[in-house]
Amino acid sequence: EGPAPLAKAIALLKQAKRAKFDETVEIHMSLGVDTTQAEQLVRGTVPLPFGVGKTVRVVVFCQGENIAKAKEAGADFAGSDDLIEKIQKQNWLEFDVALATQDLMGKVSRLGKVLGPRGLMPTPKAGTVITADVAQAVRDFKAGKVEFRTDKGGNVHAGVGKLSFDEAKLEGNVTAFI
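What you see is a predicted model, and the numbers here were worked out from it, not measured in a lab.

A few words now on the overall build of the protein. The helix and strand inventory of the protein stands at seven helices and eight strands. Projecting the C-alpha coordinates of the protein onto the three principal axes gives extents of approximately 60 × 40 × 30 Å. Counting only residues that meet the buried cut, the protein has 38% of its 178 residues in that class. Sequence separation of 24 or more characterises 70% of the internal contacts of the protein that already satisfy a separation of 6 or more. Counting every atom, the protein has about 10,100 Å² of accessible surface; 52% of that belongs to carbon and sulfur.

Here it is in structure tokens:
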């Protein structure tokens, strides 16, 4: 009776280092769902206890005092019309996660053609439309909240850390994701 399957898998991963950079550890799960059925789509976000091992650039579409709150919480960019215009006119996309407050979704929806195909469009299902605490939402995504959704084959994929993480951290992240 050796180590648990997960611990064994992580140990094997650590032995098989092939690249010169810090590789991302990913999880892939086949859910066996029929993605042609709307009610069988699986989608959401999960905060990983030990983060994803990379700096996440967060942009927040908000107005009023929420702009200051978002920036205090660590958002890289926060604003409303100015940011929307920058994306429309300059095709500016230097961010990894886009969050939006409920009141600005009307304006942000105009960016659907640009953000949609890149998977950056804020949606309530992905937890990227903020209904309550702007600061908390920013902190969650900065800390390493991972978004996932089923692909055409009914599989889910996500990065759950870097190869340089110690075993316990990788195990914690994988367990949290599952």
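Quick look at the layout of surface pockets now. Rolled over the atoms, a probe with the dimensions of a water molecule shows which regions are left empty. Each pocket or cavity is described by its volume, and for the largest pocket that value is around 720 Å³. Forming the boundary of the largest pocket are 28 residues, of which K54, K145, V146, E147 and G159 lie nearest the centre. Among the elements of the structure, β1 (24-30), β5 (97-101), α6 (134-144), β7 (145-149) and β8 (155-162) are those that each provide at least two residues to the lining of the largest pocket. The element contributing the most residues to the lining of the largest pocket is β7, with five residues. In this structure, the second largest pocket spans a volume of roughly 200 Å³. T35, L41, V42, R43, K125, R149, T150, D151 and K152 together form the lining of the second largest pocket. Partitioned by chemical class, the residues of the lining of the second largest pocket number two nonpolar, two polar and five charged.

Looking at the protein, pLDDT values average 79 and 97% of them are 70 or higher. Least confident of the elements in the protein is strand β6 (residues 129-130), whose mean pLDDT is 76; most confident is strand β3 (residues 58-61), at 84.

Interaxial distance between helix α1 (residues 5-15) and helix α7 (residues 167-177) falls to 10 Å at its minimum, and their mutual angle equals 125°. As far as their axial angle goes, α7 and α1 are oblique. For the crossing formed where α1 meets α7, the hand is right-handed. Of the residues in α7, those in contact with L6, A7, I10 and K14 of α1 are E167, L170, E171, V174 and T175. Residue classes in the contact of α1 with α7 are distributed as five nonpolar, one polar and three charged.

Here we take up the side chain of N66. Structurally, N66 is set in helix α2 (residues 65-72). Given a relative accessible area of 18%, N66 falls into the buried group. Residues within four places of N66 in sequence aside, it is in contact with T101 and V134.

Relative to the helices and strands, T55 resides in the loop between β2 (43-47) and β3. Sequence spacing of T55 and G144 is 89 residues, and the spatial spacing of their C-alpha atoms is 8.6 Å.

Considering the arrangement of structural elements, one finds I178 in the segment after α7. Between the alpha carbons of I178 and D166 there is a distance of 19 Å; along the sequence they are twelve residues apart. Beyond its immediate chain neighbours, meaning those up to four positions away, I178 contacts I27 and M29.

Cut-offs used in this document
Residues numbered from 1 in each chain as written. Predicted model: local features only at pLDDT ≥ 70, side-chain atom pairs only at ≥ 80, totals over all residues. Heavy atoms only, no water. Helix = DSSP H or I, 4+ residues; strand = E, 2+ residues; numbered from the N terminus. Buried < 20%, exposed > 50% of the residue type's maximum accessible area, 1.4 Å probe, protein only. Contact = heavy atoms within 4.5 Å. Areas by Shrake-Rupley, 256 points an atom, 1.4 Å probe, with all protein chains shown as cover. 1 Å grid on protein atoms, 1.4 Å probe; cavity = no way out; pocket = protein on both sides within 12 Å on 5 of 7 lines; lining within 4 Å. Points joined across faces, edges and corners; volume = space filled by probe spheres on them. Nonpolar A, V, L, I, M, F, W, Y, C, P; charged D, E, K, R; others polar. pLDDT = per-residue confidence, 0-100. Axes fitted to C-alpha atoms, helices over the stretch in contact; angles between N-to-C directions. Parallel < 35°, antiparallel > 145°, perpendicular 65-115°, else oblique. Left-handed = near helix turned anticlockwise from the far one by under 90°.

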